[in-house]
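Given next are the chains, with one letter for each unit.
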Amino acid sequence: MILSRRAILAAGLAAPALLPREAQAQATRWQFATPYPDGNFHTRNIRDFITAVEQGSGGRLSIQLHSNGALLPLPQIKRGVQTAQVQLGEILISAYGNEDPLLEVDSIPQLVTNYAEAKKLADLSRPMLEARLARQGMSLLYTVPWPPSGFYTNFPVETLEALRGTKMRTFNVMTNRFATLIGATPTLVQAAEIPQAFATGVVNSMVTSAATGVDSAAWDYAKFFTPIGFTWTKNAVFVNRRALEALPADLQASIRSAAAAAETRGWAMSEAARDSAQATLASRGMTVATASPALMEGMARVGATMADEWAGRAGEDGRKIIADLRAAA
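Residues numbered from 1 in each chain as written. Predicted model: local features only at pLDDT ≥ 70, side-chain atom pairs only at ≥ 80, totals over all residues. Heavy atoms only, no water.

### Brief notes about the overall build of the protein
Filter applied, for reference: Comment: elements are numbered from the N terminus, with helices defined as DSSP H or I runs of at least four residues and strands as E runs of at least two. To get the radius of gyration, use the C-alpha atoms; to get the globule rule, take the number of residues to the power 0.38 and multiply by 2.2 Å. Contacts are assigned to residue pairs that have any heavy atoms within 4.5 Å of one another. In these tables, accessible area is a Shrake-Rupley quantity obtained with a 1.4 Å probe, and a residue counts as shielded only by the protein chains included in the view. A residue counts as positive if it is Lys or Arg and as negative if it is Asp or Glu; His and the chain ends are not included. Working definition for charges: the position is that of NZ of Lys, CZ of Arg, CG of Asp or CD of Glu.
The helix and strand inventory of the protein stands at eleven helices and eleven strands. Its C-alpha atoms give the protein a radius of gyration of 20 Å, within 12% of the compact-globule value 20 Å for 329 residues. Over its C-alpha atoms, taken along the principal directions, the protein stretches across nearly 70 × 45 × 30 Å. Sequence-distant contacts in the protein: of pairs separated by 6 or more residues, those separated by 24 or more amount to 74%. Here the protein displays about 14200 Å² of accessible surface, and carbon together with sulfur accounts for 53% of that area. Taken together, the 31 basic and 28 acidic charged side chains of the protein have centroids lying 5 Å from each other.

This is the structure we're talking about:
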């Protein structure tokens, strides 16, 4: 039997039919939407989180995960959680930068250059993310970064000038701006649509993580991957606040505990994914290049320009985040 999306969403609060009769009155069923495929480390981390929550609930809560944008695509997930279409969601935080420039901070190229700096930035920006979600009726559970990004092309990239005139796949406002600054044409393409975009000539270059390259079988459409540590953009997992607060206090605490464990685990998985994904790209015949000094000098210049532009949009809060990050370096 094939269920419609409406039927799946309507079933969000239904009690699981297989639970004992005496438990059905208390059992709650949640829906969880993520735009990423099952093999991605973010999704695997979510499944571990779900297992921990369900085991900790003693049968009072079950969670159904809908991966790869099957239920809601990325642009609709945040609104879906806000309106309780689904109770849990995962998003790329910076994809919602049009709502608030503070959400774009982890998309400033070269602002952080390693995982330790990325964690410091995450800690500094977390209060503003929590406040933003809270105002919209949601509660942040945890954040996990993507591995650092690189360029996917069919030619070597020795300088940024090599990318001038290309049609670059972008995924948020900041990557759009980056493409414009280097003379490329930006085109917003969701992760699940990357292979088709390359195959049809909509794009012919992109900057994203090695993990996304593996997810999208980049070896089918690109010959070179040039890691540049572009950014450590983060995903956020969050919950509808009313749904969370409707649960018993001990179950809420159990969810928070599972979320804290997922965040710690996710950061370690991200670092492992960086190395394993690059190895997979190489094993599939792609050239994993070493960024040239000239390329990195160009990245530093563009990154500085984008940081200044962002600080102007983000105001005092944004300038404080950058100042505190640099003071901690």
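Now that the structure is up, let's keep going.
### Things to note about the nonpolar core
Operational definition: The criterion is simple. A nonpolar core is a set of buried Ala, Val, Leu, Ile, Met, Phe, Trp, Tyr and Cys residues joined through side-chain atoms within 4.5 Å. To sort residues, take the accessible area from a 1.4 Å probe on protein chains only and compare it with the maximum for the residue type: under 20% means buried, over 50% means exposed, and anything in between is partly exposed.
Within the largest apolar cluster, 83 residues are counted, with the highest numbers of intra-cluster contacts made by Trp30, Phe49, Phe151 and Phe178. In terms of residue count, the dominant contributor to this core is helix α11 (residues 293–327) (ten residues). Met206, Ala210, Tyr221 and Phe225 belong to the second-largest nonpolar core, a separate cluster that totals 15 residues.

### Structural notes on the confidence of the model for the protein
To keep things clear, this is the line we draw: What pLDDT conveys is the predictor's confidence in a given residue, as a value from 0 to 100.
Across the protein, the average pLDDT comes to 92, with 92% of residues at 70 or higher. Confidence drops under a pLDDT of 50 for residues 13–25, and excluding neighbours within four residues, the segment shows 13 contacts in the predicted structure.

### A few points about the sheet that holds strand β3 (residues 88–92)
Heads up, the condition is: Being paired, for any two strands, means DSSP has found at least two bridges between them. Orientation is described by lines fitted to C-alpha atoms, with helices fitted over the stretch in contact, and by angles between N-to-C directions that extend from 0 to 180 degrees.
Pairing within the open sheet is mixed, and its five strands lie in the order β2-β1-β3-β10-β4. Every other strand in the sheet has two partners, leaving β2 (61–66) and β4 (138–145) as the edge strands with one partner each. Going from strand to strand, the sheet's axes swing by 20 degrees on average, the running direction of each strand aside. The pairing of β3 with strand β10 (residues 234–240) spans five bridges and is classified as antiparallel. Residue pairing for β10: Leu92 is matched across the bridge by Asn235. On top of the sheet, helix α3 (residues 41–57) reaches β1 (28–33), β2, β3, β4 and β10; it is set at about 165 degrees to β2, its chief contact.

### Comments concerning the side chain of Asp106
What counts, and what does not: Pairing of N or O atoms within 3.5 Å defines a polar contact, subject to two protein rules: one partner must be a possible hydrogen donor and the other a possible acceptor, and residues neighboring in sequence count only if both atoms are side-chain atoms.
Tracing the backbone through its elements, the reader meets Asp106 in the loop between β3 and α5 (115–135). For Asp106, a relative accessible area of 5% gives the class buried. A polar contact is formed between the side chain of Asp106 and the backbone nitrogen of Lys234, at a distance of 3.0 Å. Excluding residues within four positions of it along the chain, Asp106 makes contact with Ser94, Leu121, Thr231, Trp232, Thr233 and Lys234.

### Describing the sheet that holds strand β8 (residues 205–209)
Sheet architecture is open: six strands sit in the order β7-β6-β8-β5-β9-β11, paired in mixed fashion. Bordering the open sheet on either side are β7 (185–188) and β11 (287–288), each of which pairs with just one other strand. Sheet topology note: the strand β5 (residues 149–153)/β8 ladder contains four bridges and is antiparallel. Opposite Tyr152, over in β8, you have Met206 as the bridge partner.

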